[in-house]
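Understanding the architecture of this molecule
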Amino acid sequence: MNKTVKVELGKDSYDIIFDDNFVESAIALIGVSSKCMFITQETIYRAFEDKFSVLKSLPNVEFHFIGQGEEEKSIETVIEICDKMTGMHYDRSSTIFAVGGGVVGDTAGFVASIFMRGINYIQYPTTLLAMIDSSIGGKTGINLKSGKNLIGRIHQPKAVVIDTSFLATLPKREVNASLAEAIKYGFIYDRDLFDYIVKNMSNILSNRTPEILEKIIVRSCEIKSEVVSQDVNVIYMISPVR
Ligand SMILES: NC(=O)c1ccc[n+]([C@@H]2O[C@H](COP(=O)([O-])OP(=O)(O)OC[C@H]3O[C@@H](n4cnc5c(N)ncnc54)[C@H](O)[C@@H]3O)[C@@H](O)[C@H]2O)c1
């Protein structure tokens with residue numbers, strides 16, 4: 001599927017690009033000159049090793065793996081990545097590719113927001129939740145022992161690229177949990193989306209029919225994009241000097 005949804009944020013606007021070929025799209029974005037750090041998790045890398053190995057062989061690409069779960073969204077993980085990039089002479093022209101669910105996206109986005117006072121990053125969401133919610137809007141953050149997402153910044157990605165083939169290996173429990181978010185969008189913003197999910201529920205849960213999932217993801221991205229654009233425009237209006 002080739003489709004684009006625009007996130008309208010003035011000078012920080014970007015596209016959510018639907019692209020079935022993760023490797024080709026990444027190669028186009030990597031370019032030839034600047035250094036690129038792919039931040040992901042070993043489970044995701046192993047599930048798509050044939051694809052990732054093509055990217056790993058590129059001279060300006062490095063991989064960093066973070067562990068599983070909320071505890072990885074920590075200041076220690078952030079410092080480890082920043083130290084690694086400094087040691088490898090990453091600079092302001094370097095780009096981070098966040099390939100994963102919300103844990104990877106929030107952590108990698110936060111690193112991008114602070115490294116050298118902010119560098120470019122691109123979101124490659126691999127969970128349903130990340131595709132319809134966490135990769136869009138520029139909210140980045142990490143946890144403290146005292147609570148979730150207590151340190152964070154708003155740092156918009158340069159693009160969000162969605163390849164729905166990542167969903168094939170996603171554990172069932174993750175699909176079910178993320179579907180709740182799509183149902184919420186439908187309930188609050190779009191009756192047709194809500195009815196569509198309800199009508200296709202058993203098909204989604206048992207078959208993960210790509211056409212049905214794509215339709216839900218595209219509509220959810222449009223809704224999230226509208227909400228995010230309104231949010232930031234309100235901030236711009238009430239606070240012209242940032
Ligand atoms: N920034 C935001 O606006 C925002 C919004 C909502 C949630 N969040 C954050 O998102 C996080 C939750 O994200 P999540 O639900 O994506 O969970 P997650 O990132 O922990 O991913 C869930 C599990 O699925 C695995 N996984 C990811 N992609 C896979 C794939 N394609 N195949 C197989 N396994 C895969 C991961 O390794 C992990 O074990 C929370 O930390 C939450 O705070 C952020």
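Everything below is about the structure shown above.
In this text the structure is predicted, and so the values were computed from the model without any measurement.

Comments concerning the overall build of the protein
The helix and strand inventory of the protein stands at 9 helices and 9 strands. The globule rule puts the C-alpha radius of gyration for 242 residues at 18 Å, and the 17 Å found for the protein is close to it. Viewed in the frame of its principal axes, the protein has a C-alpha envelope of about 55 × 50 × 35 Å. Looking at the protein as a whole, 50% of its 242 residues are labelled buried. The contacts of the protein with a sequence gap of at least 6 include a subset with a gap of at least 24, amounting to 74%.

Examining the pairing of strand E7 (residues 139–144)
In the sheet, E7 pairs with strand E8 (residues 147–154) via 5 bridges, with the strands oriented antiparallel. Among the inter-strand pairings, Gly-141 is bridged to a residue of E8, identified as Gly-152. Here E7 folds back onto E8, and the loop between the two strands holds 2 residues.

Concerning the environment of Asp-231
Here Asp-231 shows up in helix H9 (residues 210–238). Under the relative-accessibility criterion, Asp-231 is labelled partly exposed at 45%. When the C-alpha atoms of Asp-231 and Phe-97 are compared, they prove to be 25 Å apart, with 134 residues separating the residues in sequence.

Thoughts on the sheet that holds strand E6 (residues 120–125)
A sheet is described by the order of its strands in space; here 7 strands give the open sequence E1-E2-E9-E6-E5-E3-E4, paired in mixed fashion. Whereas interior strands pair on both sides, the edge strands pair on one side only; in this sheet they are strand E1 (3–7) and strand E4 (61–65). Adjacent strand axes in the sheet meet at a mean angle of 20 degrees when their direction is disregarded. Relative to E6, strand E5 (residues 95–100) runs parallel, the two sharing 6 bridges. Following the sheet pairing, Val-99 is matched in E6 by Tyr-124.

As for the packing of helix H7 (residues 172–189) against helix H8 (residues 191–207)
Two elements in contact, H7 and H8, have axes whose closest approach is 7 Å; the angle formed by their N-to-C orientations is 160 degrees. On the basis of the axis angle, H7 is roughly antiparallel to H8. Handedness of the crossing formed by H7 with H8: left-handed. Of the residues in H8, those touching H7 at Lys-172, Asn-176, Leu-179, Ala-182, Ile-183, Tyr-185, Gly-186, Phe-187 and Tyr-189 are Arg-191, Leu-193, Phe-194, Ile-197, Met-201, Ile-204 and Leu-205. Taken together, the residues of the contact of H7 with H8 sort by class into 12 nonpolar, 2 polar and 2 charged.

Let's talk about the packing of aromatic side chains
Taken as a whole and assessed by the stated rule, the structure comprises 13 aromatic pairs. Pairing Phe-38 with Phe-63 gives two aromatic rings, centres 5.2 Å apart and planes at 20 degrees, and the pair type is stacked. Of the two residues, Phe-38 is situated in strand E3 (residues 36–40) and Phe-63 in strand E4; the sequence distance between them amounts to 25 residues. As far as the burial class goes, Phe-38 and Phe-63 line up, both buried. Note on Phe-187 and Phe-194: the rings are 5.8 Å apart at their centroids and 55 degrees apart in plane angle, and the pair reads as tilted. What links up through ring pairs into an aromatic cluster is the set Phe-22, Phe-38, Tyr-45, Phe-48, Phe-52, Phe-63, Phe-65, Phe-97, Tyr-124 and Phe-166.

Describing the side chain of Asp-190
Tracing the sequence through the fold places Asp-190 in the loop between H7 and H8. From its side chain, Asp-190 meets the backbone nitrogen of Asp-192 in a polar contact 2.9 Å long. Once residues within four sequence positions are removed from consideration, Asp-190 is found in contact with Tyr-185, Arg-219 and Ile-223.

Description of the nonpolar core
If you look at the biggest cluster of nonpolar residues, it comprises 49 residues, and the most contacted ones within it are Ile-16, Phe-22, Phe-38, Phe-52 and Ile-217. Discounting residues that sit within four places of it in the chain, Phe-52 has contacts with Phe-22, Ile-44, Tyr-45, Phe-63, Val-99 and Phe-166. Of all hydrophobic cores here, the second largest spans 20 residues; its members include Met-37, Ile-81, Phe-115 and Ile-119.

Considerations on the site of the ligand
Around the ligand, 23 residues are found, and the nearest of them are Gln-41, Gln-68, Glu-70, Thr-126 and Thr-169. Here an oxygen atom of the ligand and a side-chain polar atom of Asn-149 are 3.3 Å apart. A distance of 2.7 Å separates a nitrogen atom of the ligand from a polar atom in the side chain of Thr-169. In isolation the ligand has 870 Å² of accessible area, and contact with the protein removes 84% of it. Of all the secondary-structure elements, those providing two or more residues to the shell around the ligand are helix H2 (42–47), helix H5 (102–114), helix H6 (128–134) and E8.

What counts and how
Residues numbered from 1 in each chain as written. Predicted model: local features only at pLDDT ≥ 70, side-chain atom pairs only at ≥ 80, totals over all residues. Heavy atoms only, no water. Helix = DSSP H or I, 4+ residues; strand = E, 2+ residues; numbered from the N terminus. Rg over C-alpha atoms; globule rule 2.2 N^0.38 Å. Buried < 20%, exposed > 50% of the residue type's maximum accessible area, 1.4 Å probe, protein only. Contact = heavy atoms within 4.5 Å. Pairing = 2+ DSSP bridges. Axes fitted to C-alpha atoms, helices over the stretch in contact; angles between N-to-C directions. Parallel < 35°, antiparallel > 145°, perpendicular 65-115°, else oblique. Left-handed = near helix turned anticlockwise from the far one by under 90°. Nonpolar A, V, L, I, M, F, W, Y, C, P; charged D, E, K, R; others polar. Phe/Tyr/Trp six-rings, centres within 6.5 Å; stacked < 30°, edge-to-face > 60°. Polar contact = N/O pair within 3.5 Å; in protein donor to acceptor, adjacent residues only side chain to side chain. Core = buried A, V, L, I, M, F, W, Y, C linked by side-chain atoms within 4.5 Å. Near = heavy atom within 4 Å. Areas by Shrake-Rupley, 256 points an atom, 1.4 Å probe, with all protein chains shown as cover.

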